[in-house]
Amino acid sequence: MAFNDLFSPIKIRGMEIRNRIEFPAMGTKMVKDEKVVTDQLINYHAARSLGGNGLNFTEVCSVYDKAAPKNFLALSDDKYIPGMKKLADAIHEGGAKAGVQLWLGGSAVLFGDQTSMVVVPSDFKVEGTDYVIKAASKEIINECIKAFGDAAKRAVEAGYDTVEFHAGHNYTPHSFLSKAFNKRMDEYGGSLENRARFLLECIKSIRENIPEDMPLFMRIDAHDDCVEDGLTIEEVIQFCKWAKEAGVDVLDVSRGNFSSAAVKYEVPPVDVPRGFNVENAARIKKETGMITVAVGRINDPEQADEIIRSGKADMVVMGRAQLADPEFCNKAKNGNVDDIVRCVGCNQGCYDGFTNPDAPFITCMRNPALGREAEFVINKTDNPKNVLIVGGGVAGLEAAIELKDRGHNPILCEASDSLGGQFVLAGAAPRKEEMKEAAIAMGEMAKRKGVEIKLSTAVDAEVIKDINPDEVIIAAGAEPIKLNVPGANLPHVTNSHDILAGKAKVNGDIVVIGGGLVGLEVAEYLSGNVNKITVVEMLNEVAKDLGQLRKICVMESLYHEGIKTITEAKCVEIKEKSIVIDKNGVVEEVPCDSVIVAIGARSRNFESISDYCKENNIPYHVIGDAVRARRALNCIEEASEVARRI
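Here is what the cut-offs are and how they apply
- Residue positions are given per chain, counted from 1 along the sequence in the order it is written.
- Under the rules for a predicted model, residues below a pLDDT of 70 receive no local features and side-chain atom pairs below 80 are neither given nor counted, while totals for whole chains, interfaces and linings still include all residues.
- Note that the side-chain values use all heavy atoms of the structure and ignore hydrogens as well as water.
- UniProt positions are given in the numbering used here, feature names are shortened, and annotations may be inferred rather than shown by experiment.
- By definition, any uninterrupted DSSP run of H or I lasting at least four residues is a helix, any uninterrupted run of E lasting at least two residues is a strand, and each is numbered from the N terminus.
- We compute the radius of gyration over the C-alpha atoms and compare it with the globule rule, which gives 2.2 Å times the number of residues raised to the power 0.38.
- Residue contacts follow a heavy-atom distance rule, with two residues in contact if any of their heavy atoms lie within 4.5 Å.
- Areas reported here follow the Shrake-Rupley algorithm with a probe of radius 1.4 Å; residue values treat only the protein chains shown as occluding.
- The charged-residue count follows a simple rule in which Lys and Arg add positive charge and Asp and Glu add negative charge, with His and chain termini not counted at all.
- Throughout, a charge is located at the NZ atom of Lys, the CZ atom of Arg, the CG atom of Asp or the CD atom of Glu.
- Two strands make a pair as long as DSSP finds a minimum of two bridges between them.
- Only the stretch in contact is used when a helix axis is fitted, and all axes are lines through C-alpha atoms; the angle between N-to-C directions ranges over 0 to 180 degrees.
- By definition, a salt bridge exists where a carboxyl oxygen of Asp or Glu is found within 4 Å of a side-chain nitrogen of Lys or Arg.
- Burial here depends on accessible area, computed with a 1.4 Å probe over protein chains only, as a share of the maximum for the residue type. Under 20% is buried, over 50% is exposed, and the range in between is partly exposed.
- Definition of nonpolar core: a set of buried residues of the types Ala, Val, Leu, Ile, Met, Phe, Trp, Tyr and Cys, connected through side-chain atoms within 4.5 Å.
- Aromatic pairing here means that ring centres of Phe, Tyr or Trp (its six-membered ring) are within 6.5 Å. Orientation follows from the plane angle: under 30 degrees is stacked, over 60 is edge-to-face, and everything else is tilted.
- Here, over-ring charges are defined by two tests on the NZ atom of lysine or the CZ atom of arginine: distance to the ring centre within 6 Å, and angle to the ring normal within 35 degrees.
- The sense of a crossing depends on the near helix, which, turned anticlockwise from the far helix by less than a right angle, makes the crossing left-handed and, turned clockwise, makes it right-handed.
- Gly counts as polar in this scheme, as do all residues outside two lists: the nonpolar Ala, Val, Leu, Ile, Met, Phe, Trp, Tyr, Cys and Pro, and the charged Asp, Glu, Lys and Arg.
- Pairs of N or O atoms within 3.5 Å make up the polar contacts considered here, provided that, within protein, one atom can donate a hydrogen while the other can accept it, and that residues adjacent in sequence are counted only when both atoms are side-chain atoms.
- To be clear, the arc concerns the directions from the helix axis to the C-beta atoms.
- Seen with its strands pointing away from the viewer, a crossover is right-handed if its path from the first strand over the helix to the second goes clockwise.

- Under an unreviewed UniProt entry, the name given to the protein is NAD(P)/FAD-dependent oxidoreductase, and the organism recorded is Clostridium tertium.
- Listed in UniProt under the heading Sequence similarities (unreviewed entry), the comment for the protein reads: "In the N-terminal section; belongs to the NADH:flavin oxidoreductase/NADH oxidase family."

Here's what the structure looks like:
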């Protein structure tokens, strides 16, 4: 498939882009306190440009120096121009066009730098405190309007092809536009026309400071979600028509705000349907007559091509798709669709990595090289080795693929009759089919690359002796932890793995012991096929091991499905028709017909393998859940690092 519509050029004013794909502004944490471009950020963008992307936008770039938080790009002063030019040059070298996203963060700056000014339309009480941030004065408003124009002028000087005015996601401009956040009574509040005034003045300021032939993009929310008195799509369409008159050329149609559960639409996890926002973009395009970019879980070339072909949008944002595979565009254009490493919407490395203060920068479960592009270049080995890999889950497959790419000879042995391990099992849970597909595709990729694979082969001393490897990688995975209480072996008790694998059936009233990710997914999986479902969790809340956005989606689903949760409760006994729990010192019984144990997993025993390796002086490495049960993100990263060291 050629995807001719997706890979057709598009000209906007004087800028011609080689295809219809935009790599959008996404936070990376690759910018340090000084707010300047780093080599790490340059390598990250260059990889996507060389990978065939059409237009790269920088992550949010502060325009107003007083409100420019640390760890984010800035063009609020001339001193930032040299670094920004270096980044633009690197993007251009790969063949993509370069754009700057001009940003005024509003209350979002508090998350990263509480020393920065917060520019909001109305008084704003900081959550969890008595501190109230005062509404922006007209003097501040005028300074911000000028700052947008000045930053745009610097972007031109730095060699960028376009700029994007960020008017979405509850940042300052969006907060002015939406009645949900703007309670002003002056000319910048009240009617839609007044609420739009600040944004239109910013747009005019930008337009006056860029060349006539430079296009101006604008990121907007299609409408507001999860807030009272939020913007309707009709209001957004009217505002876009005014913005067009003020000089905006392209609408980048997003959704979400960080003040509510609608944050899930900003970086939508696997739970949100693919292309969920495309119809909004199509309506806005039709009613404004403007060039429009569709955004929202667009991660497949056929899906993207159909959006362009059908006229629903003129361009598509493919962000996380290119985090997972920087060569996404080249592979799709050349028809190598099966070789694309797909984003599965897990959010473990991108969004969770961005919000986790302990993570140095974003990464990707599917792509351990993200943020380490220079360091993780595949280097061919001068000393090819036979490497036995024990286990065909995603960690074992990642190691096998990278070893093969480097010129080694991996031999992968899997005890079961199929590849993918617990990742395939996870794909049985509601809304996670893409994870199952990714694990299966990973196995197929290993086969295409020529990895020797032995299914239904449990590794023991005889197998190792027969293969005679130079090194061994143990990726044997983990198995469910058994509950050690009276009644745990009763016939109506089973575990989460057997339920998801279809090996066990339950009926009637169900109790799931364990309210982490797997326990909740099992509860959702069974919902509608059994009677009442109750989840019992020892901790003070369920879903504690989920990232923020997946947790929002899972908790919404539990509510809609009527699944009951009991927290701070420990199961102390299982009976034929109930379980006995100790909840804060009070013992009570929860009636049930079947019990599912989902209290976690522990590493499988591989002592016989490691002992053989020690006795025969064979170097071995233990990776993934074989070390301890963790997120797939950690397991795949570990597999990649070991494969690069051998």
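Resuming the write-up.
### Re the overall build of the protein
Argument step 1. Scanning the protein for helices and strands turns up 20 helices and 29 strands.
Argument step 2. Its C-alpha radius of gyration of 27 Å places the protein within 12% of the 26 Å reference for a compact globule of 646 residues.
Argument step 3. Principal-axis analysis of the C-alpha atoms places the extent of the protein at approximately 75 × 65 × 45 Å.
Argument step 4. Here the analysis covers contacts within the protein between residues at least 6 apart in sequence; of these, 70% occur between residues at least 24 apart.
Argument step 5. About 26,100 Å² of surface is accessible on the protein, with carbon and sulfur atoms providing 47% of the total.
Argument step 6. Within the protein, the 96 negative side-chain charges are centred at a point lying 1 Å from the centre of the 77 positive side-chain charges.

### Structural notes on the sheet that holds strand β16 (residues 409-413)
Argument step 1. Taking strand neighbours across the sheet as the criterion, the five strands line up as β17-β16-β15-β18-β29 in an open arrangement whose pairing is parallel. What marks the edges here is a single partner per strand, and that holds for β17 (452-454) and β29 (620-622). Ignoring strand direction, the axes of neighbouring strands in this sheet form an average angle of 20°.
Argument step 2. The strands touched by helix α19 (residues 607-615) within the sheet are β15 (386-390), β18 (471-474) and β29, with β18 carrying the most contacts at an inclination of about 160°.

### Some thoughts on the pattern of salt bridges
Argument step 1. For the structure on display, the rule yields 44 salt bridges.
Argument step 2. The residue Arg 154 makes a salt bridge to Asp 78 at a minimum N-O spacing of 2.8 Å. Taken together, the residues span a long stretch of sequence, with Arg 154 in helix α3 (residues 138-157) and Asp 78 in the loop between β6 (73-74) and α2 (81-93) at a distance of 76 residues.
Argument step 3. Its relative accessible area of 14% is what places Arg 154 among the buried residues.
Argument step 4. Here Glu 279 and Lys 312 are joined by a salt bridge, their closest N and O atoms 3.1 Å apart. Of the two residues, Glu 279 is situated in helix α7 (residues 278-288) and Lys 312 in the loop between α8 (301-309) and β14 (315-317); the sequence distance between them amounts to 33 residues.
Argument step 5. Connected via shared salt-bridge partners are Asp 271, Arg 431, Lys 432, Glu 521, Glu 524 and Arg 550.

### Remarks on the nonpolar core
Argument step 1. Core analysis: the biggest nonpolar cluster contains 119 residues, and Phe 165, Phe 198, Ile 203, Met 218, Phe 239 and Val 316 have the highest contact counts within it.
Argument step 2. Element by element, the count of residues in this core is highest for α3, at nine residues.
Argument step 3. Setting aside its immediate chain neighbours within four residues, Phe 165 contacts Leu 102, Phe 148, Pro 173, Leu 199, Cys 202, Ile 203, Ile 206, Leu 216, Phe 217, Met 218 and Arg 219.
Argument step 4. Residues Val 387, Val 451, Ile 473 and Cys 635 belong to the second largest nonpolar core, which totals 35 residues.

### Thoughts on the sheet that holds strand β25 (residues 578-583)
Argument step 1. With antiparallel pairing, the three strands of this open sheet are ordered in space as β24-β25-β26. Edge strands, defined here as strands with exactly one partner in the open sheet, are β24 (569-574) and β26 (586-591). Along the sheet, successive strands turn relative to each other by an average axial angle of 35°, direction set aside.
Argument step 2. Where β25 meets β26, six bridges bridge the pair, whose relative direction is antiparallel. From the neighbouring strand, Lys 583 faces β26, where its bridge partner is Val 586.

### Thoughts on the packing of aromatic side chains
Geometry of an aromatic ring pair is reported as the spacing of the ring centres plus the angle between the planes.
Argument step 1. Considering all chains together, one arrives at 10 aromatic pairs under this definition.
Argument step 2. Residues Phe 148 and Phe 165 carry aromatic rings whose centres are separated by 5.1 Å and whose planes lie at 85° to one another, so their mutual orientation is edge-to-face. In this pair, Phe 148 is assigned in helix α3 and Phe 165 in strand β10 (residues 162-166), connecting sequence segments 17 residues apart. There is no split in this pair, since Phe 148 and Phe 165 are both buried.
Argument step 3. Here the guanidinium or amino end of Arg 255 rests over the ring plane of Tyr 265, the centre of that ring lying 4.1 Å away.

### Comments concerning the packing of helix α5 (residues 192-208) against helix α6 (residues 233-246)
Argument step 1. Running from N to C, α5 and α6 cross one another at 30°; their axes reach a closest spacing of 9 Å. Between α5 and α6 lies a crossing of right-handed hand. Contact residues: Leu 192, Glu 193, Arg 195, Ala 196, Leu 199, Leu 200, Ile 203, Lys 204 and Arg 207 in α5; Glu 235, Gln 238, Phe 239, Trp 242, Ala 243 and Ala 246 in α6.
Argument step 2. Counted by class, the contact of α5 with α6 contains nine nonpolar, one polar and five charged residues.

### Examining the environment of Lys 264
Argument step 1. Relative to the helices and strands, Lys 264 is located in the loop between β12 (250-254) and α7.
Argument step 2. Residues Lys 264 and Gln 548, 284 residues apart in the sequence, show an inter-C-alpha distance of 8.4 Å.
Argument step 3. Sequence-distant contacts of Lys 264, defined by excluding residues within four places in its chain, comprise Pro 269, Val 272, Leu 549, Ile 552, Cys 553 and Glu 556.
Argument step 4. A polar side-chain atom of Lys 264 sits 2.6 Å from a polar atom in the side chain of Glu 556.

### Some thoughts on the packing of helix α17 (residues 517-526) against helix α18 (residues 548-561)
Argument step 1. Running from N to C, α17 and α18 cross one another at 40°; their axes reach a closest spacing of 10 Å. Regarding α17 and α18, the two cross each other, and that crossing is left-handed. Taken together, the residues of α18 that come into contact with α17 (itself represented by Leu 517, Leu 520, Glu 521 and Glu 524) are Arg 550, Val 554, Ser 557 and Leu 558.
Argument step 2. Looking at the contact of α17 with α18 residue by residue, the class counts come to four nonpolar, one polar and three charged.

### Details of the UniProt feature "domain: FAD/NAD(P)-binding" (unreviewed entry) in the protein
Argument step 1. The UniProt feature table records "domain: FAD/NAD(P)-binding" (unreviewed entry) at residues 386-605.
Argument step 2. Secondary structure within residues 386-605 divides into 32% helix and 27% strand; the distance between the first and last C-alpha atoms comes to 24 Å.

### A word on α19
Argument step 1. All of the buried residues in α19 are Ile 609, Ser 610, Tyr 612 and Cys 613. When α19 is viewed along its axis, its buried side chains cluster within an angular range of 160° and face the same direction. Exposed and oriented more than 90 degrees from the buried face of α19 are Glu 607, Ser 608, Lys 614 and Glu 615.
Argument step 2. Just downstream of α19 lies Asn 617, where phi reads positive at about 55°.

### Some thoughts on the pairing of strand β13 (residues 291-294)
Argument step 1. Pairing analysis gives four bridges linking β12 to β13, with the strands arranged parallel. Along β13, the bridge assignment pairs Val 250 with Ile 291.
Argument step 2. In this view, the connection linking β12 to its parallel neighbour β13 by way of α7 has right-handed handedness.
Argument step 3. Examined bridge by bridge, β13 and β14 share two bridges and lie parallel to one another. Note on β14: the bridge partner recorded for Ala 294 is Val 316.
Argument step 4. Handedness of the crossover is the feature at issue here: the chain leaves β13, passes through α8, returns alongside β14, and the resulting connection is right-handed.

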